[in-house]
Amino acid sequence: MLRTEINELLTQTGPGTPMGDLFRRYWQPVLLAEELSANDGPPVRVKVLSERLIAFRDSEGRYGLMDEFCAHRGVSLWFGRNEEGGLRCPYHGWKYDYTGQAIEVPSEPETSNFCANVKLKSYPLVRRGDVLWAYLGDPARQPPLPEWEFVTVPEGQAYTSKRLQECNWLQALEGGIDSSHVSFLHSGSLDSDPLFKGSRGNAYNKGDLKPFFEVVDYEGGLLIGARRNAEEGHYYWRVTPWVLPNFTMVPPRGDHPVHGHFWVPIDDENCWAWSFDYHPTRRLTETEVAAMRAGMGVHSANDENYRPLANRDNDYLMDREAQRRGETYSGIKGIALQDSSLQESMGPIVDRTKERLVATDAGIIKARQKLRKAALALAEGVEPVGNRPQDQKVRSVAIVLPADQSFVEGIGEAMIAKPGVPQTTV
Amino acid sequence: MTQSGPISSCARAATAEEAAFRIDYPLAAARNTRVVALDVEAEEIVRRASEMRWAQARFYSAADPGHSLLTMSGRTVPLAGELEDSNTLVLVSTSGENAEAAATIGAACKARGIMTAGLAVTSGRLTGEALFALRPHTRILLVPAEDDDLFELLRATRA
């Protein structure tokens, strides 16, 4: 249960809100690189943290991200012409470069300096891996570029997708922190999904349906350890890192690629669920990439606007017969849609004054506490965590440890991403 | 994938407009939580929490072997009696002391189907005796917990 004012504090991320200010201290994924794949290609509308922006790639390959609307009459620059080093409004020909600076106003005399005084609000947009990242905060506080392992591995070792999720970012994130739902909602996928099946860890999962949890407070966020019985005197641990404010990783299974998520607010009632898979030491196979493109694992099959084909307008293609046969637990196919269908069903912003949390929700309770404290502390001038390279070089872990060992001690440096070093997995 | 029936209207209840029609009524009783401190420093944390207003939560300290508890007012009460009607128990430890009491209480909760949680309040240390005293007896454990985690947990679970 959360009081209304705390729920609002955590869920509102627009300009000037405490949580919005916190988000604006991090590089956030805003576009797949494929969305701006060519110089002078079509501009793309971007809405992030309740700001409407336009992104484009100019004639020299530079990425621009700026106010969507022309400074002259407020026309959407999505209708603009991307040509010769800038984006030109088709209404009266005003043209802007990748920084938002007006570089041509045709109605003005050729010698006029009017342009110099017209600049659209703009933000840095950079490519790391297959993702374009934006920083919407104070330029003086811009953190180092993202160092997440999935965007730093060599080409061919990672695959990233995004899908529209029609609810507030926080209820999506909380699904990523809440390990206890996996034994129910996703139980059908351990045997059937090509990106999950076949690992030794799956047997531990299925052999112990009531895991114990340890929530460890660490510098970048939380480590959520789910422990199940393994061989005599040993536990099977699945360790999920959450890094502030909106990054989670799923513990690995066998030699399958490792996956995780970002949950990025579009506005207060929608978010992008970013999903990635990567392998630290090898290229993804054609079969794996084909499965990811087909919407398996943590990915989804989407339309051209990255909205899942199974969505609330078609009841997520609910299949009661598959549910009865035990192929899926909820009747919804695919891990991503199993999550989003339920999280969207809560409503656009779930009313947390009405929820009935239990002790095993302690990870969610702790994450909310850390988010609230970080947002309030930032307002007092305390720098947030999670935006430093050392916070981002993190891995999820699956491991068998002696029963009398702390999982944090047991995993040691396995949770630190190191180039060329395989993930720790069972 | 096939769709086995007509599209129902329930999916559209996820819109803001439809969410406004969620029926509004008072929630049923809060959780009936017991909170037990296992050492002197833990007792200070538990005592501070006990001074807040709660629905049904009760607060104690315990020492080995744990068959009885001490209320915040200093009265000795039997463990078994205090677990009647309870559905959640929170153990708080800072040092790992009174591990036998933790085991006694944990076993009593397990026998009664009472959910157990643990807070290892160890000021920045990720491991230690508190962790190992609580681990066998708690379904979920916060490590290292902060002083206000107890308050947050109780409030979030409507204790």
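Residues numbered from 1 in each chain as written. Chains lettered and ligands numbered in written order. Predicted model: local features only at pLDDT ≥ 70, side-chain atom pairs only at ≥ 80, totals over all residues. Heavy atoms only, no water.

Going by an unreviewed UniProt entry, chain B carries the name 3-methyl-2-oxobutanoate hydroxymethyltransferase and comes from Nonomuraea jiangxiensis.

With an unreviewed UniProt entry as reference, chain A is termed Phenylpropionate dioxygenase, large terminal subunit, source organism Nonomuraea jiangxiensis.

Moving on: the overall build of chain B. Counting its regular elements, chain B contains 6 helices and 7 strands. Ordering the α and β elements of chain B from the N terminus gives α-β-α-β-β-β-α-β-α-β-α-β-α. Residue pairs in contact within chain B that sit at least 24 positions apart in sequence constitute 68% of those at least 6 positions apart. Roughly 7700 Å² of accessible area belongs to chain B as shown, and the carbon and sulfur atoms make up 53% of that amount. (Helix = DSSP H or I, 4+ residues; strand = E, 2+ residues; numbered from the N terminus. Contact = heavy atoms within 4.5 Å. Areas by Shrake-Rupley, 256 points an atom, 1.4 Å probe, with all protein chains shown as cover.)

What follows covers the packing of helix α3 (residues 169-177) of chain A against helix α10 (residues 362-379) of chain A. How two helices sit against one another is set out by the angle between their axes and by the gap between those axes. Residue and element names in this part refer to chain A. For the pair α3 and α10, the least separation of the axes is 9 Å and the interaxial angle reads 130 degrees. Here α10 runs oblique to α3, going by the angle between their axes. As α3 packs across α10, the resulting crossing turns out to be right-handed. Residues W169, L170, L173, E174 and I177 of α3 form the contact with α10, whose own contacting residues are G363, I364, A367, R368 and L371. Residues that form the contact of α3 with α10 fall into these classes: 7 nonpolar, 1 polar and 2 charged. (Axes fitted to C-alpha atoms, helices over the stretch in contact; angles between N-to-C directions. Parallel < 35°, antiparallel > 145°, perpendicular 65-115°, else oblique. Left-handed = near helix turned anticlockwise from the far one by under 90°. Nonpolar A, V, L, I, M, F, W, Y, C, P; charged D, E, K, R; others polar.)

Another point: the pairing of strand β14 (residues 221-229) of chain A. Residues and elements named next belong to chain A. Among the 9 residues of β14, 8 are classified as buried, and the element is accordingly described as predominantly covered. Between strand β13 (residues 212-218) and β14, which pair antiparallel one after the other, the connecting turn spans 2 residues. As judged from the 9 bridges shared by β14 and strand β15 (residues 234-243), these two strands associate in the antiparallel manner. From the neighbouring strand, N229 faces β15, where its bridge partner is Y235. With antiparallel pairing between neighbouring strands as the criterion, β14 and β15 make up a hairpin whose turn holds 4 residues, including G233 at a positive phi of roughly 75 degrees. (Buried < 20%, exposed > 50% of the residue type's maximum accessible area, 1.4 Å probe, protein only. Pairing = 2+ DSSP bridges.)

In many analyses, interface size is given as the accessible surface area lost on bringing the parts together. Residues and elements named next belong to chain A. Assigned domains of chain A: these are domain 1 (27-141) and domain 2 (149-411). Placing a centre on the C-alpha atoms of domain 1 and another on those of domain 2 gives a separation of 33 Å. The interface of domain 1 with domain 2 comprises 17 residues on the first partner and 19 residues on the second. Around 1500 Å² of area is buried between domain 1 and domain 2 when both sides are counted, 56% of it from carbon and sulfur atoms. By the criterion of area lost to domain 2, the three top residues of domain 1 are P29, L32 and K47, representing 31% of everything that side buries. Connecting domain 1 to domain 2 are 3 salt bridges. On the surface where domain 1 and domain 2 come into contact, there are 10 residue pairs in polar contact (both at pLDDT 80 or more). Among the elements of the structure, β1 (28-32), β2 (44-48) and β11 (131-134) are those that each provide at least two residues to the side of domain 1 that touches domain 2. It is β1 that contributes the most residues to the side of domain 1 that touches domain 2, 5 residues altogether. Class assignment for the residues of the side of domain 1 that touches domain 2 results in 8 nonpolar, 3 polar and 6 charged. (Domains from an automatic or database assignment. Buried area = accessible area lost by both parts, 1.4 Å probe. Salt bridge = Lys/Arg side-chain N within 4 Å of Asp/Glu carboxyl O. Polar contact = N/O pair within 3.5 Å; in protein donor to acceptor, adjacent residues only side chain to side chain.)

All names here are of chain A. Counting through the fold element by element, R253 comes out in the loop between β16 (247-250) and β17 (258-267). At 2.8 Å, the side chain of R253 and the side chain of N202 are in polar contact. R253 has contacts with L190, F196, S199, G201, N202, N205, Y236, R238, T425 and V426, leaving out every residue within four places of it along the chain.

Helical periodicity: at 3.6 residues per turn, an α-helix aligns residues three or four positions apart in one direction. All names here are of chain A. Within helix α6 (residues 200-207), the full set of buried residues consists of G201, N202, Y204 and N205. In a view along the axis of α6, the buried residues occupy a sector of 160 degrees, so they form one face of it. Among the exposed residues of α6, those pointing more than 90 degrees away from its buried face are A203 and G207. (Arc of directions from axis to C-beta.)

This brings us to the packing of α10(A) against helix α6 (residues 149-156) of chain B. Taken N-terminus to C-terminus, the directions of α10(A) and α6(B) make an angle of 120 degrees; their axes are 10 Å apart at the nearest point. In this structure, α10(A) meets α6(B) at a crossing whose hand is right-handed. Where α10(A) approaches α6(B), its residues A362(A), I365(A), K366(A), Q369(A) and R372(A) are matched on the opposing element by D149(B), E152(B), L153(B), R155(B) and A156(B). In the contact of α10(A) with α6(B), the residues fall into 4 nonpolar, 1 polar and 5 charged.

Looking now at the state of the cysteines. Residues and elements named next belong to chain A. Applying the stated rule across the entire model yields 0 disulfides over all chains. Here C115 stays unpaired: no disulfide links it, and the sulfur of C70, its closest cysteine neighbor, is 11 Å away. Judged by relative accessible area, C115 falls into the buried class, the value being 18%. Unpaired in this structure, C167 has its nearest cysteine sulfur neighbour in C271, at a distance of 5.0 Å. Judged by its relative accessible area of 0%, C167 falls in the buried class. (Disulfide = S-S within 2.5 Å.)

Right, let's talk about the interface of chain B and chain A for a bit. Each partner contributes to the interface: chain B provides 43 residues, whereas chain A provides 51 residues. Buried surface at the junction of chain B and chain A, both sides included, amounts to about 4200 Å², of which 53% is carbon and sulfur. For the interface between chain B and chain A, the tally reads 7 salt bridges. Linking E146(B) and K366(A) is a salt bridge whose minimum nitrogen-to-oxygen distance equals 3.7 Å. The tally of links from chain B across to chain A stands at 21 residue pairs in polar contact (both at pLDDT 80 or more). For the side of chain B that touches chain A, the secondary structure elements donating two or more residues are α1 (16-19), β6 (115-120), α5 (129-134), β7 (140-143) and α6 of chain B. When residues in the side of chain B that touches chain A are grouped by element, the largest group, 5 residues, is from α6(B). As paired elements, β13(A) and β7(B) share 4 bridges and run parallel to each other. When the sheet's bridge partners are listed, V216(A) is paired in β7(B) with V143(B).

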